[in-house]
Amino acid sequence: MTEPLLQMTGIQKAFAGIPALREASLRILPGEVHALVGQNGAGKSTLIKILTGVYRRDAGEVLWQGRPVDLRSPRDAQGVGIATIYQELTLVPQRTVTENIVLGYEPRTRWGAIDWRAADARAREVLSRFGIELDLHRALGSYPTAIQQLVAIGRAASMEAKLLIMDEPTSSLDEREVETLFGVMRALKARGTSILYVSHFLDELFAVCDGVTIMRDGRTVGETRIADTSKLDLIAGMLGRDPDEIRAAGRTQLSTDQTHAGPVFLEAKGLSSDRRLRRLDLEVRAGEIVGLAGLLGSGRTESARAIFGMDKVTGGTLRVGGRDVRLSSPRDAIDAGIAFLTEDRKVEGIIPDLSVRENLTLALLPRLSKMGIVDEARERQIVQGFIKALGIRTADMDQPIRELSGGNQQKVLLGRWLALEPKLLILDEPTRGVDVGAKLEIQSIIAKHVEQGCAVLLISSEFEELIEGAHNIVVLQEGRSVRKLNNPGVTEASLIHAIAEPPDTPHVEAAE
Amino acid sequence: MSEPSSLTGRGLGGVGEAPAPRRSRVNRRFLGLVVALAALILLNVLLTPNFLAVQTLAVNVSQVSTVAIVALGMTLVIATGGVDLSVGAVMAVSGALAPLIFGSAWGLANPGLGLLAAIVLPLLVAMCCGLFNGTLVSFLGVQPIIATLILFISGRGVAQVLTNGNLQTFSNPSFTWLGTGRILGLPVQGWIAILLTLVVALIVRKTIYGRYLLSVGGNERAAALAGTPVAKVKIATYAIASTFAGLAGLIDVAINSASDAARVGNLMELDAIAAAVVGGAALSGGRAPILGTLLGAIFIQLVGYTLIANGVPDEATFIVTAAIIVIAVYLQDSRRRT
């Protein structure tokens, strides 16, 4: 057995007393591509940051090539041969390819000036190793993201890194670019470089990785060869479930109760967008909650964005209220009776300096105004009604929304959409980051509107929320809707099974 | 992202405490400006000879009005998170056009219509400049500073070409009334500035446009997702700013009975930005303190006047103005952090 390149054991780390890593370990062999998987918050980034010297560990041991090391800064980590490529590129897009490759390590002439001829030669050599040829004097930013990523990798490789850390390198790449990247990774591996690969796209791991470490709640819960495992086992490990139970659940008969629902309001057929949504088939009826389930990156939010007119639809059809529509902006979607409560409250939801009142009526303004003048008396009446109905805790309606708690901000935003009396309400992680009390309140508000005939498309990472809340659950994988589960009858295990199982197995269409 | 528990804690705490500090914060800023202005006036009453004379008032009002009018539009643009560098050049364009129109053969033959055209046409041209700026910013995604730099450079060039680079003097009492007339002892342009301030303040507060303006500046992405017509709002805002600049250009030319394309509106963009910032606008957008802008313009004007009237050299006033802006920005910043 070869000696591991890196061995981290018993790593602990707490932030302000709250443990982020409890008992994490990681072992990487020389010349292997090793995957690190886990849900958000499992501790992957913390572990990587300890490895790269960004954080100091509280306890545990790090062996590098068999010797204990203490990496105190990213510079230390680079010194021993650890290079990191972050999700956001850290190169300089305005400078040339050569300049980026040699940045910080420029070859010098006798006079101390930069030896550009040598620099070009080095850059050419680095890139040729991966079989790519670029105009070295063009600005890096003029190349596609994939090429920029490859240059970043080339740069790291040229520093003779022994371990290359890649954090979500494929999230912005298309399929062909991903293939190129994998080719480069295999070339690096052949040269003896180890790679630590973090990705939410589990299928990719089977294409390119040798080993995999699974983390959950700050602990390393499994380490195995990729050949000895399956996607279902990985997911079960990430979620802390028993894989056999999930396998068994896949064979459970699902009920097909449809009595609650009214006419179909939204129908998507083969919908694709320019943003990783490949084929969405979906039907939402009035008075029905349809859940969208899937792993991170499976296309749940992308589905919502395509329906709401935010992303360009590149194929398929969308019918709303029985008519074919093309929604090219949120305004179109709103006019068609669709509302979308986004996942990122801060970036895509609140206008922080405006008041609760102004935030709540933002989408409603056209209906509140005559000749361009806002009917403030009516506005106040409506807002007061929502503050009461939704239990929004605010000093008064003129308080800036940024001063409210997350749960109350979320209720204001929910009110923004409910005020429109939408026919379809899309909710993207509606209860994330809100406290338990607000969460229950929000769920019951939604349930009440569904009873009144509102259709709801619910995106949630919480299985419980989907299973208890949704009448149907559409499961997405890699930007495609692969199956539909009908409630009652969905169990957590059967849902996980549906999320994990490859789409090309016999009972794909069985539930439909 | 904060933990849910801490968010709740803050929210619950906010229920009891929030209203008092918030109200006083909005007012404190405005009150501070009012107090500073009052102190400055008091200082002048004590120091400056003849400060309370009608003539002093008239001089100050006639000097500050154009700045205030341009600053109103600038405040709106700044509220979208942008900036308009072209206002001075647009003033020069409209200032150059007016005498060409009422001084043309047609204008002289039809004095009434000529006068009307000499006011309306330059304003329309100015508005088109704003439509151009707004289109660049919202449809082509050009940075506002660059987009408006185009007219900043070319606008004054156009004005100089129109006038062959000559100083145009004219005698047209009806037109110059715009700059030299008095109503109830106060210069006409003072009344115009006050009227526009009130109108714009009402627009910001009462109309759907005003609400959209603040939401676009406050969080453009969120606003767009709520169905706000972001592009329309921005284009309208740049058009308003340019139209106001056009009006200021007419007033400037009327005051002097002469149009000098090289001088009209020179450095006006900076004066207007200064007035807006002192008045409480935030360059990051999302706030449009219209009354504050008027007071800001008056404050800067009075500080300059005080220094000059008391024998401080012209050049030194620039330094003091700069210091005022630094203080205003500091206050702005410290407010953001609280």
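- Chain B has the name ABC transporter permease in an unreviewed UniProt entry, where Rubellimicrobium rubrum is given as its organism.

**Comments concerning the overall build of chain B**
Part 1 of the reasoning: For chain B, the helix and strand inventory stands at 15 helices and four strands.
Part 2 of the reasoning: Evaluated residue by residue, chain B yields a buried proportion of 46% over its 338 residues.
Part 3 of the reasoning: Long-range pairs, those at least 24 residues apart, make up 78% of the contacts in chain B with a sequence separation of at least 6.

**Some remarks on the overall build of chain A**
Part 1 of the reasoning: Helices and strands together make up the secondary structure of chain A, namely 19 helices and 22 strands.
Part 2 of the reasoning: Computed over the C-alpha atoms, the radius of gyration of chain A is 26 Å, within 12% of the 24 Å expected from 2.2 N^0.38 for a compact globule of 512 residues.
Part 3 of the reasoning: Its C-alpha atoms put chain A at 80 × 55 × 50 Å along the principal axes.
Part 4 of the reasoning: Taking the intrachain contacts of chain A between residues at least 6 apart in sequence as the baseline, contacts between residues at least 24 apart amount to 69%.

**Considerations on the sheet that holds strand S12 (residues 280–285) of chain A**
Residues and elements named next belong to chain A.
Part 1 of the reasoning: Taken together, the four strands give an open sheet; going across it, the order is S12-S11-S14-S15, and neighbouring strands pair in antiparallel fashion. Edge strands, defined here as strands with exactly one partner in the open sheet, are S12 and strand S15 (323–324).
Part 2 of the reasoning: Lying over the sheet, helix H10 (residues 300–307) contacts strand S11 (264–273), S12 and strand S14 (313–320), oriented at roughly 110° with respect to S11.

**Things to note about the sheet that holds strand S19 (residues 424–428) of chain A**
All names here are of chain A.
Part 1 of the reasoning: With mixed pairing, six strands are arranged side by side in an open sheet as S16-S19-S20-S13-S21-S22. Of all the strands in the sheet, the pair left with one neighbour each is strand S16 (338–341) and strand S22 (480–486). Between one strand axis and the next, the sheet turns through 20° on average, direction left out of account.
Part 2 of the reasoning: Direction of pairing for strand S13 (residues 289–293) relative to strand S21 (residues 472–477): parallel, over a ladder of four bridges. Looking at S21, one finds that Val 290 is bridged to Asn 472.

**Quick look at the nonpolar core**
Part 1 of the reasoning: Membership of the largest hydrophobic core comes to 237 residues, with the highest contact counts inside it found for A:Leu164, A:Ile426, A:Leu495 and B:Val70.
Part 2 of the reasoning: Looking at this core element by element, the count peaks at 14 residues for helix H12 (residues 230–256) of chain B.
Part 3 of the reasoning: The contact partners of A:Leu495, leaving out residues within four places of it in the chain, are A:Ala293, A:Phe463, A:Leu466, A:Ile467, A:Ile473, A:Leu485 and A:Val490.

**Some remarks on the pairing of strand S3 (residues 33–37) of chain A**
All names here are of chain A.
Part 1 of the reasoning: The buried fraction of S3 amounts to five of the five residues, a majority that puts the element mostly inside the structure.
Part 2 of the reasoning: Alternating residues of S3 divide into Val 33, Ala 35 and Val 37 and His 34 and Leu 36, and every residue in both groups is buried.
Part 3 of the reasoning: Two strands pair when backbone bridges link them, and S3 and strand S8 (residues 194–198) are joined in this way by four bridges, in the parallel orientation. In the sheet register, Ala 35 faces S8, and the bridge partner there is Tyr 197.
Part 4 of the reasoning: As defined by bridge partners, S3 adjoins strand S9 (residues 211–216) across four bridges and the pair is classed as parallel. Note that in S9 the partner of Ala 35 across the bridge is Val 212.

**Details of the packing of helix H4 (residues 87–102) of chain B against H12(B)**
Helix-helix packing is characterised by the crossing angle of the two axes and by the distance between the axes.
All names here are of chain B.
Part 1 of the reasoning: Running from N to C, H4 and H12 point in directions that differ by 50°, and their axes come no closer than 7 Å. Taken as axis vectors, H4 and H12 run oblique relative to one another. For the element pair H4 and H12, the recorded crossing hand is right-handed. Residues Val 87, Val 90, Met 91, Ala 92, Ser 94, Gly 95, Ala 98 and Pro 99 of H4 form the contact with H12, whose participating residues are Ala 241, Ser 242, Ala 245, Gly 246, Ala 248, Gly 249, Leu 250, Asp 252 and Val 253.

**With respect to unusual backbone geometry**
Part 1 of the reasoning: In the Ramachandran plot, A:Gln65 falls in the positive-phi region, its phi being about 50° despite a non-glycine side chain.
Part 2 of the reasoning: Summarising the element assignment, A:Gln65 is placed in the loop between strand S4 (59–64) and strand S5 (67–68).
Part 3 of the reasoning: With phi around 55°, B:Asn164 is a residue other than glycine that occupies positive phi space.
Part 4 of the reasoning: Examined against the element boundaries, B:Asn164 turns out to sit in the loop between helix H7 (144–162) and strand S1 (168–169).
Part 5 of the reasoning: Given 8 C-beta atoms within 10 Å, B:Asn164 falls into the exposed group.

**Notes on the pairing of S22(A)**
Residue and element names in this part refer to chain A.
Part 1 of the reasoning: Burial analysis of S22 places five of its seven residues in the buried class, which makes it a mostly covered element.
Part 2 of the reasoning: The pairing of S21 with S22 spans six bridges and is classified as antiparallel. Bridging from a neighbouring strand, Val 474 pairs with Lys 484 of S22.
Part 3 of the reasoning: The hairpin formed by S21 and S22 contains two residues between the paired strands, and Glu 478 there has a positive phi angle of roughly 50°.

**Some points on helix H4 (residues 116–128) of chain A**
Residue and element names in this part refer to chain A.
Part 1 of the reasoning: The end-to-end C-alpha separation of H4 is 18 Å, in line with the 18 Å expected for 13 residues at 1.5 Å each.
Part 2 of the reasoning: Burial in H4 covers these residues: Ala 119, Ala 123, Val 126 and Leu 127. Seen along its axis, H4 keeps its buried residues to an arc of 90°; they face one direction. The outward face of H4, more than 90 degrees from its buried face, is lined by the exposed residues Arg 117, Glu 125 and Ser 128.
Part 3 of the reasoning: Taken together, the buried residues of H4 touch helix H3 (97–102) and helix H5 (145–158).

**Re the environment of A:Ala470**
Part 1 of the reasoning: By the secondary structure assignment, A:Ala470 is in the loop between helix H18 (463–469) and S21.
Part 2 of the reasoning: As a C-alpha pair, A:Ala470 and A:Leu485 span 15 residues in sequence and 9.8 Å in three-dimensional space.

**Focus on the environment of A:Gly453**
Residues and elements named next belong to chain A.
Part 1 of the reasoning: For Gly 453, the location among the structural elements is in the loop between helix H17 (436–451) and strand S20 (455–459).
Part 2 of the reasoning: Assessed through the 13 C-beta atoms surrounding it within 10 Å, Gly 453 is described here as partly exposed.
Part 3 of the reasoning: For the pair Gly 453 and Gly 183, spaced 270 residues apart in the sequence, the C-alpha separation amounts to 52 Å.

**Considering the confidence of the model for chain A**
Residue and element names in this part refer to chain A.
Part 1 of the reasoning: For chain A, per-residue confidence averages 84 on the pLDDT scale, and 91% of positions sit at 70 or higher.
Part 2 of the reasoning: Across residues 251–258, where pLDDT falls below 50, the model places twelve contacts with residues more than four positions away in sequence or in other chains.
Part 3 of the reasoning: Across residues 505–512 the pLDDT falls below 50, and counting only partners more than four positions away or on other chains, this stretch makes nine contacts in the model.

Rules of the game
Residues numbered from 1 in each chain as written. Chains lettered and ligands numbered in written order. Predicted model: local features only at pLDDT ≥ 70, side-chain atom pairs only at ≥ 80, totals over all residues. Helix = DSSP H or I, 4+ residues; strand = E, 2+ residues; numbered from the N terminus. Buried ≥ 20, exposed ≤ 12 C-beta atoms within 10 Å, placed from the backbone. Contact = placed C-beta atoms within 7 Å. Rg over C-alpha atoms; globule rule 2.2 N^0.38 Å. Pairing = 2+ DSSP bridges. Axes fitted to C-alpha atoms, helices over the stretch in contact; angles between N-to-C directions. Core = buried A, V, L, I, M, F, W, Y, C linked by C-beta atoms within 7 Å. Parallel < 35°, antiparallel > 145°, perpendicular 65-115°, else oblique. Left-handed = near helix turned anticlockwise from the far one by under 90°. Expected span 1.5 Å × (residues − 1). Arc of directions from axis to C-beta. pLDDT = per-residue confidence, 0-100.

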